[in-house]
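The primary structure of each chain is shown beneath.
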Amino acid sequence: MSLSIVVLAAGQGIRMKSQLPRVLHPLAGRPMVKYVLDVTTQLEPTSLALVVGYGAQQLRQVLGEEILYVEQLGTGHAVLQARELLAGRAKTVLVLHGDMPFITRQTLEAMLSHHTENRATITLLAFRPDDPTGYGRVLRDETGRVVGIIEHKEATPAQREITEVNSGILCFRDAWLWSHLERLQPKHGEYHLTDLVELAVAEGEPVAAKAADVTEVMRLDDRVKLARAEALMRQRINEGWMLAGVSLLDPTSTYIEASVEVGQDTVIYPNTHLRGATAIGRDCCIGPNTIICDSTVGSGCVIQASVVEGATVEDDVDVGPFAHLRKGTHLAKGVHVGNFGEIKNSYVGPGTKMGHFSYVGDATLGANVNVGAGTITCNYDGERKHPTVVEDDVFIGSDTMLVAPVKVGKGAKTGAGAVVTRDVPPGQVVYGVPARSKQEREKNKNE
């Protein structure tokens, strides 16, 4: 089927009580409109128009440049703005809303098939909510034929008793749609797309309806619905990972955003948040009480009660509890970062151990380095950041201050409490304040 799609995303989000356009409110870490765009892309349309109004600049920043800008004069006027782009390019036009993140490809394909089989001019997706208040009611004659849609505020008390309502997703025969949109008459200053149903019936054109699941056509127009949708989306995501071989000890307290990837046989403990562009390898133990954002974690890792953001963690690394890996951190294979350790914009080589209560920033640490408790890289002089280099097999004693820029050579050692203010040659042992070797101290003492 040749298909054009119009996604209506001009909602101001008044009920959200927000300056952010409604369709950009996040659901499981993604703007809700992106779920709709993903599904429509799977239908492989000939052309697709995203019609926006309020917050157009914000939408363009998030979704790209190729969108339409329209005034907010109702759904009918919004679709009309897409005529120049879409008219004549396909036999069928599908119109749906950008605040329906649960709509599925299967439902839309079933609707399109129903439209074709019934040779309909218009097909609408209908459903029966527990409370139809606020929805347009589907009107049928005594034979069951669809004859119109009446908006809730215009419906009579008898019509409001109707439980079948319009979802807002409609399918049109292309040529008929574009030739009839200009015939719509405004109601309360707006042009309603649903009034086309009555026009089609008056002309004897066939109108069909396809039933849909309530959840799929849920529109998220306030924060209460958004919170319910978040819980539902989280449940779907978590169940998907469990079926894929990931263990979640308590799915109700596990928060995995839609963009995250997790490897098989990984175990995720309660109160863990996996966000953004995060990928977790196989056979890991993550959590409890852990936040990982925009980070890559290899296989066989253990990260507990820690915060990881913008970091790369290779295989067989263990972190925490209460560690903080900040942006630019790269931990090589087999690294250990213990409780209350913090690393920022640094590379830590294979097998290096940083037990506890230490800070490493703007540094490069080699392989098999021991970082004693309380070690600090003093990387900021009040104006600029400076680098620290620690080569392989170095032993850094507890409470060592590495005053950058500074380099500690391979196999060197620092004593507890040392303040290292200049480079340490390979293999040398330094201690004290400032840190000096034993030979240098004796020489200075004799002088």
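Described in the following lines is the structure provided in the data block. Each chain has its residues counted from 1, running along the sequence as written. Confidence filtering applies because this is a predicted model: local features only for residues at pLDDT of at least 70, side-chain atom pairs given and counted only at 80 or more, and all residues used for totals across whole chains, interfaces and linings. Hydrogens and water are ignored here; the side-chain numbers use all heavy atoms of the structure.

## Topic: helix H8 (residues 223–243)
So, point 1. Helix and strand definitions follow DSSP, with helices as H or I runs of at least four residues and strands as E runs of at least two, each counted in order from the N terminus. To estimate the expected span of a helix, subtract one from its residue number and multiply by 1.5 Å. The end-to-end C-alpha distance of H8 is 30 Å, a good match for the 30 Å that 21 residues give at a rise of 1.5 Å each.
So, point 2. Relative accessible area decides the class of each residue, using a 1.4 Å probe on protein chains only: under 20% of the type maximum gives buried, over 50% gives exposed, and in between gives partly exposed. For H8, the set of buried residues is Leu-226, Ala-229, Met-233, Arg-234, Ile-237, Asn-238 and Trp-241. The arc that holds every buried residue of H8, seen down its axis, measures 165 degrees, which confines them to one face. Within H8, the exposed residues directed more than 90 degrees away from the buried face are Arg-228 and Leu-243.
So, point 3. Any two residues having at least one pair of non-hydrogen atoms within 4.5 Å are treated as being in contact. Looking at the buried residues of H8, the elements they touch are strand E2 (26–27), helix H1 (32–42), strand E12 (247–248), strand E13 (254–256) and strand E14 (261–262).
So, point 4. For H8, the side-chain oxygen to backbone nitrogen distance between the N-cap and Val-224 is 3.1 Å, and the N-cap itself is Asp-222.
So, point 5. Phi turns positive one or two residues past the end of H8, at Gly-245, with a value near 105 degrees. This arc corresponds to the set of directions leading from the helix axis out to the C-beta atoms. Side-chain atoms alone can form a polar contact between residues adjacent in sequence; in general such a contact is a pair of N or O atoms within 3.5 Å, and within protein one must be able to donate a hydrogen while the other accepts it.

## Things to note about the sheet that holds strand E23 (residues 312–313)
So, point 1. Should DSSP find at least two bridges between two strands, the strands are taken to pair. Reading across from one edge, E14-E17-E20-E23-E26-E29-E32-E35-E38 is the order of the nine strands in this open sheet, with parallel pairing throughout. Each of the sheet's edge strands pairs with one partner strand only, and the pair in question is E14 and strand E38 (406–408).

## Focus on the pattern of salt bridges
So, point 1. In the sections that follow, a salt bridge refers to a side-chain nitrogen of Lys or Arg positioned within 4 Å of a carboxyl oxygen of Asp or Glu. As enumerated under the stated definition, the model contains 16 salt bridges in all.
So, point 2. As a salt-bridge pair, Arg-326 and Glu-342 come within 2.8 Å of each other at their nearest N and O atoms. Within this pair, whereas Arg-326 is found in the loop between strand E25 (324–325) and strand E26 (330–331), its partner Glu-342 is found in strand E28 (residues 342–344), the two being separated by 16 residues in sequence.
So, point 3. Note on Arg-326: relative accessible area 27%, which makes it partly exposed.

## Description of a nonpolar patch on the surface
So, point 1. Taken together, the side chains of Phe-322, Phe-340 and Phe-357 make up a nonpolar region of the molecular surface, amounting to roughly 340 Å² of accessible area.
So, point 2. Mapped onto the elements, Phe-322 comes out in the loop between strand E24 (318–319) and E25. Exposure above 30% relative accessible area and the lack of any salt bridge qualify a residue for a patch; like charges then connect within 9 Å, and the nonpolar side chains Val, Leu, Ile, Met, Phe, Trp and Tyr within 5 Å. The protein chains shown are the only cover counted for residues, whose accessible areas, like all others here, come from Shrake-Rupley with a 1.4 Å probe.

## Some words on the sheet that holds strand E21 (residues 302–303)
So, point 1. Strand order in the open sheet formed by 12 strands is E12-E15-E18-E21-E24-E27-E30-E33-E36-E39-E41-E42, and the pairing between neighbours is mixed. The open sheet has two edge strands, E12 and strand E42 (436–437), and neither has a second partner.
So, point 2. Here strand E27 (residues 336–337) runs beside strand E30 (residues 353–354); their pairing, made up of two bridges, is parallel. Its bridge partner being in E30, His-336 is matched across the sheet by Lys-353.

## A look at the pairing of strand E10 (residues 165–173)
So, point 1. Burial runs high along E10: eight of the nine residues are buried.
So, point 2. The pairing of strand E6 (residues 92–97) with E10 spans four bridges and is classified as antiparallel. Paired with Thr-92 across the strands is Arg-173, a residue of E10.
So, point 3. In the sheet, strand E7 (residues 122–127) pairs with E10 via five bridges, with the strands oriented antiparallel. Its bridge partner lying in E10, Phe-127 is registered against Val-165.

## Observations concerning the nonpolar core
So, point 1. What is meant by a nonpolar core is a set of buried Ala, Val, Leu, Ile, Met, Phe, Trp, Tyr and Cys residues, joined one to another through side-chain atoms within 4.5 Å. Grouped together as the largest cluster of nonpolar side chains are 85 residues, with contacts concentrated most on Leu-94, Leu-96, Ile-169, Leu-274 and Leu-331.
So, point 2. Top element by residues in this core is H1. It accounts for six residues.
So, point 3. Membership of the second largest hydrophobic core comes to 31 residues, among which are Ala-78, Leu-124, Ala-126 and Leu-181.

## So, empty space enclosed by the protein
So, point 1. Put plainly, a pocket is an open set of points on a 1 Å grid over the protein atoms alone with protein on both sides within 12 Å along at least five of seven lines, a cavity is a set where a 1.4 Å probe fits but cannot get out, and a lining residue has an atom within 4 Å of a point. Grid points are joined across faces, edges and corners, and a volume is the space filled by probe spheres set on the points. The final tally for this structure, using the stated rule, is one cavity of 30 Å³ or more.
So, point 2. Here the largest cavity is characterised by a volume of approximately 40 Å³.
So, point 3. What lines the largest cavity is Val-360, Leu-365, Val-369, Val-371, Thr-375, Thr-377, Val-390, Ile-396 and Leu-402.

## Quick word on the packing of aromatic side chains
So, point 1. Centres within 6.5 Å are what make two rings of Phe, Tyr or Trp a pair, Trp counting through its six-membered ring; a difference in plane orientation under 30 degrees is then read as stacked, over 60 as edge-to-face, and the rest as tilted. With the rule as written, the count across this model stands at three aromatic pairs.
So, point 2. Considering the side-chain rings of Phe-127 and Tyr-135, the 5.2 Å spacing of their centres and the 90 degrees angle between planes classify their relative orientation as edge-to-face.
So, point 3. Ring geometry for Phe-322 versus Phe-340: centroids 5.2 Å apart, planes at 25 degrees, classification stacked. Taken together, the residues Phe-322 in the loop between E24 and E25 and Phe-340 in the loop between E27 and E28 connect sequence positions 18 residues apart.

## What to know about H1
So, point 1. Along H1, the residues that are buried comprise Met-32, Val-33, Tyr-35, Val-36, Leu-37, Val-39 and Thr-40.
So, point 2. Immediately beyond the C-terminal end of H1, within one or two residues, lies Glu-44, with a positive phi of roughly 55 degrees.

## Section: the environment of His-114
So, point 1. Inspection of the secondary structure puts His-114 in helix H5 (residues 105–117).
So, point 2. Placed 94 residues apart in sequence, His-114 and Ala-208 show a C-alpha to C-alpha distance of 7.9 Å.
So, point 3. Not counting the four nearest positions on each side in its chain, His-114 is found in contact with Thr-123, Ala-208, Ala-209 and Lys-210.

## Overview of the layout of surface pockets
Take a probe with the size of a water molecule and roll it over the atoms, and the empty space left behind shows itself.
So, point 1. Of the pockets and cavities examined, the largest pocket occupies roughly 1700 Å³.
So, point 2. Listing elements by their share of the lining of the largest pocket, those giving two or more residues are helix H3 (75–80), E10 and H8.
So, point 3. Top element by residues in the lining of the largest pocket is E10. It accounts for four residues.
So, point 4. For the lining of the largest pocket, the class distribution of residues is 14 nonpolar, 17 polar and 15 charged.
So, point 5. One number sums up the size of the second largest pocket: a volume of about 310 Å³.
So, point 6. Tyr-35, Val-39, Pro-101, Met-233 and Arg-236 are, among the 15 residues lining the second largest pocket, the residues nearest its centre.
So, point 7. Top element by residues in the lining of the second largest pocket is H1. It accounts for four residues.
So, point 8. Here the lining of the second largest pocket is built from residues that sort into eight nonpolar, three polar and four charged. We call Asp, Glu, Lys and Arg charged. Ala, Val, Leu, Ile, Met, Phe, Trp, Tyr, Cys and Pro are nonpolar, and the rest, Gly among them, are polar.

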